[in-house]
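Residues per chain, in single letters:
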Amino acid sequence: MDTLKTKPNFDINNVIDKENLAKLEALNNKKVMQVVNEFVALCKPSKVTVITDSKEDIDYVRQKAIEIHEEKRLFTEGHTIHYDGFFAMDYHDQARDKANTRVLVPKGEYMSQWINNIDRNEGLKEILEIMDGCMEGNECIIRLFCLGPKNSQFSILALQLTDSLYVAHSEDILYRAGYEEFKKLNGSEEFFYFIHSAGELVGNPPVTKNLDKRRIYIDLQEGRVLSVNNQYAGNSLGLKKLALRLAIDKANNEDWLAEHYFILGVHPKEKKRVSYFCGAYPSACGKTSTAMLPGQSIVGDDIAYLRPWEDGYAHAANIEQGLFGIIRDVNPEDDPVIYDAITTPRETIFSNVLITEEFPYWIGDGKPVPKKGINFSGKWKKGKVDEKGKEIPHAHPNARYTIRINELSNADVNLDSPEGVPIDGIFYGGRDSDTLPPVLESLDWEHGVFIGAAIESETTSATLGAEGVRRPSPMANLDFVVVPLGKYLDNHRTFGNNLKVCPKVFATNYFLKNKEGKYLNGMLDKLVWVMWAEGRTHNEFEAIKTPVGFIPKYHDLRDLFRLYLDKDYSKKEYEQQFSIRITHLLEKLDRVEAMYKKDKEIPEFFWTLLEDQRKKLKELKEKYNSDEISPFDL
Ligand code: SPV
Ligand code: MN
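Because the structure is predicted, anything quoted here is derived from the model rather than measured. (Residues numbered from 1 in each chain as written. Chains lettered and ligands numbered in written order. Predicted model: local features only at pLDDT ≥ 70, side-chain atom pairs only at ≥ 80, totals over all residues. Heavy atoms only, no water.)

Section: the pattern of salt bridges
Okay, so step 1: Under the definition given, this model contains 57 salt bridges.
Okay, so step 2: For Asp-59, the salt bridge identified is with Lys-55, shortest N-O distance 2.8 Å. Separated by 4 residues within a single helix, Asp-59 and Lys-55 lie in helix α3 (residues 55-67), roughly one turn from each other.
Okay, so step 3: Across the pair Asp-612 and Lys-616 runs a salt bridge whose closest N-O atoms are separated by 3.0 Å. In this pair, Asp-612 and Lys-616 are both assigned in helix α17 (residues 604-624), 4 residues apart and thus about one turn of the helix distant.
Okay, so step 4: Among the ionic contacts, a cluster of salt bridges with common partners joins Lys-55, Asp-59, Arg-62, Arg-143, Asp-172, Glu-347 and Arg-404. (Salt bridge = Lys/Arg side-chain N within 4 Å of Asp/Glu carboxyl O. Helix = DSSP H or I, 4+ residues; strand = E, 2+ residues; numbered from the N terminus.)

Brief notes about the packing of helix α13 (residues 526-536) against helix α14 (residues 554-565)
Okay, so step 1: Following both chains from N to C, one finds α13 and α14 inclined at 120°, their axes separated by 9 Å at the closest point. One way to sum up the angle between α13 and α14 is to call them oblique. The hand of the α13/α14 crossing is right-handed. Here α13 contributes Leu-527, Val-528, Trp-529, Met-531 and Trp-532 to the contact with α14, which in turn contributes Asp-556, Leu-557, Leu-560, Phe-561, Tyr-564 and Leu-565.
Okay, so step 2: When its residues are assigned to classes, the contact of α13 with α14 shows 10 nonpolar, no polar and 1 charged. (Axes fitted to C-alpha atoms, helices over the stretch in contact; angles between N-to-C directions. Parallel < 35°, antiparallel > 145°, perpendicular 65-115°, else oblique. Left-handed = near helix turned anticlockwise from the far one by under 90°. Contact = heavy atoms within 4.5 Å. Nonpolar A, V, L, I, M, F, W, Y, C, P; charged D, E, K, R; others polar.)

Brief notes about the site of ligand 1
Okay, so step 1: Residues in contact with ligand 1, as listed here, are Arg-96, Tyr-232, Gly-234, Lys-240, Lys-241, His-260, Asp-302, Phe-324 and Arg-400.
Okay, so step 2: With respect to ligand 1, the side chain of Lys-241 contributes an N or O atom lying 2.7 Å from an oxygen atom.
Okay, so step 3: Residue His-260 places a side-chain N or O atom 3.2 Å away from an oxygen atom belonging to ligand 1.
Okay, so step 4: Across the complex, the protein chains shield 87% of the 280 Å² of accessible surface that ligand 1 would expose by itself.
Okay, so step 5: For the shell around ligand 1, the residue count by class is 2 nonpolar, 2 polar and 5 charged. (Near = heavy atom within 4 Å. Polar contact = N/O pair within 3.5 Å; in protein donor to acceptor, adjacent residues only side chain to side chain. Areas by Shrake-Rupley, 256 points an atom, 1.4 Å probe, with all protein chains shown as cover.)

What about unusual backbone geometry?
Okay, so step 1: A cis amide bond links Asn-204 with the next residue in sequence, Pro-205, at an omega value of 5°.
Okay, so step 2: Among the secondary structure elements, Pro-205 is positioned in the loop between β12 (201-202) and β13 (207-208).
Okay, so step 3: Of note, Asp-329 is a non-glycine position whose phi angle comes to about 70°, a positive value.
Okay, so step 4: With respect to the helices and strands, the residue Asp-329 is situated in the loop between β22 (322-326) and α10 (336-342).

Observations regarding the coordination of the manganese ion (ligand 2)
Okay, so step 1: Within the first shell, the manganese ion (ligand 2) binds the protein through Lys-241 (NZ), His-260 (NE2) and Asp-302 (OD), at distances of 2.1 to 2.4 Å.
Okay, so step 2: Positions of the donor residues of the manganese ion (ligand 2), expressed as sequence spacing, correspond to K-x18-H-x41-D. Of this pair, His-260 sits in the loop between β16 (257-259) and β17 (262-266) while Asp-302 sits in the loop between β19 (297-300) and β20 (304-308), and the two are 42 residues apart along the sequence.
Okay, so step 3: The class of Asp-302 is buried, set by a relative accessible area of 8%. (Donors = N, O, S within 2.8 Å, 3.2 Å for Na, K, Ca; no water. Buried < 20%, exposed > 50% of the residue type's maximum accessible area, 1.4 Å probe, protein only.)

Examining the packing of helix α8 (residues 238-254) against helix α12 (residues 485-497)
Okay, so step 1: Two elements in contact, α8 and α12, have axes whose closest approach is 9 Å; the angle formed by their N-to-C orientations is 60°. In this view, α8 runs oblique relative to α12, as classed from their interaxial angle. Two packed elements cross with a definite hand, and for α8 against α12 that hand is left-handed. Of the residues in α12, those in contact with Ala-251, Asn-252 and Asn-253 of α8 are Lys-487, Tyr-488 and Asn-491.
Okay, so step 2: Broken down by class, the residue content of the contact of α8 with α12 amounts to 2 nonpolar, 3 polar and 1 charged.

Looking at the nonpolar core
Note that soluble globular proteins tend to have their nonpolar side chains buried in a common cluster.
Okay, so step 1: Membership of the largest hydrophobic core comes to 157 residues, with the highest contact counts inside it found for Leu-147, Tyr-305 and Leu-557.
Okay, so step 2: Examining the composition of this core, we find that 8 residues originate from one element, α8, more than from any other.
Okay, so step 3: Excluding residues that lie within four positions of it along the chain, Tyr-305 makes contacts with Leu-147, Phe-154, Ile-156, Phe-192, Ala-247, Trp-256, Leu-257, Ala-258, His-315, Ala-316, Ala-317 and Ile-319.
Okay, so step 4: Counting residues in each nonpolar core, the second largest holds 40 residues, with Leu-27, Ile-118, Met-135 and Leu-157 among its members. (Core = buried A, V, L, I, M, F, W, Y, C linked by side-chain atoms within 4.5 Å.)

Quick notes on helix α2 (residues 30-43)
Okay, so step 1: Taking 1.5 Å as the rise per residue, α2 with 14 residues should run 20 Å; its terminal C-alpha atoms sit 20 Å apart, in good agreement.
Okay, so step 2: One or two residues past the end of α2 sits Lys-44, with phi positive at roughly 55°. (Expected span 1.5 Å × (residues − 1).)

Have a look at this one:
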């Protein structure tokens, strides 16, 4: 490690002018001043600028991002392009860095082995050394936001220091302004804070140079996250996945939920009602396409807080107000709403796509791939390879767009409601070629927690390594859970059990295949599963009880396919999709058992449910003397 570059007697007054200092002092918050003093002294920017909720201040951020080349204007009004660091196809800053994101755990505290962690003292020493002088020569932007709707039980305030104008600008699109909210704190220390630095930059556009010193350390004790040497939003934006981790810790100590959920408004045809659903899906398992189902409304696509409400329901709020969405495969046919929003004039940040003649191109946009342009690797032309000879695609597979949800034609009317929305159901979706049917309902809330805990996703040809390997992904939240898994599952259990109106829980699987490896469902069929679930939350359909949950009856699905997709749904299709595959289900239980056995203090209800399902599946097998039982026989 280099020797520390600490300048003795660093005086913040040399880098902040009177006007900016006055903006900070107007917050009347000692802790804000203390955090700013401490980290400005450590990071040593040459200038400190405080951004209030005023239009002038926010415009300043937009302008500065362009001025320092972290963003560049495109042809369409409001559109800009930002690039994250790229040195080679396997060495870049184009995605979340799981290996270097760690929870700081105080000595003697237990942490699940599934959660990447480091001794708190050791981790703090390491990252504070890396951060010493990390903003030298750069401007530090101070921003204040509100996670969740304002003036609400959901609201949590957040202070962000960053030297990335792209970060400060993205947060403006994605989060609710909070400068005025901080004043209402009356000096309270109840807020999260995030210190971020892109570190030393190279090139034009300027990108993080020292990716080997990229660190994202989560300090639960202080309610803060320190993040350095990165720009990619999933690593850099305090309010996104970094705040989710702090919120999970807080929620698990206060009996509410902070989850990696979308929030969807479901509007059944011929009924005058809307029912709200949350959903958690591991990546590439259909989360966005479910949140954006045609004819429905979106509250959020990534992170939700859930709290018990006076009406007996759990209410959920989107802690964000924008989308940081994967742009791959957004085209007029598959995703018309988003495509329309990001190809017309409005404030939109594109990241890591190809630019030719000031227009963006991405994988799966439905257009011919341009022969050349500028992309995340600099000047690009077809056939370009990295230093190891690996072909560089025209746009990165994880390229993104950043927009406000209220710009979408399917934005839900309750997007900013301080009450959130009452939740009727929760979906857990995985990727599984041969085990679970396309939809099933849990036997009760606790079994629903089990279903969420047992989500698995199969690897696909899109990632390196063997195909079809199942990875556990509890609540699609494992990357973000910062409390031991046993505590997390128990918090889910008590949360639901204490509600007067408990959400129904559903498992979905859009990826079931037949023996020849062909998908058994069409892309749009998920609308039918969602509508069946919605009906179930209103006691409208009967169901068949199996050891692993309730499955739909044929005639209900037949009617729903007719009503929503104008499609004939045959008995044969139903039978193929909804048969109970005993051996596969037992093998899944074995994998779940093996994973959780490695952890301490997994609650008893979890093991009881596991054993109960195992026993009943075996009984079923004996009774029918068959390994695959048709739903018509049940
Ligand atoms: C995810 O990876 O779950 C995302 C994008 O939503 S990121 O901001 O990288 O977390
Ligand atoms: Mn996410």
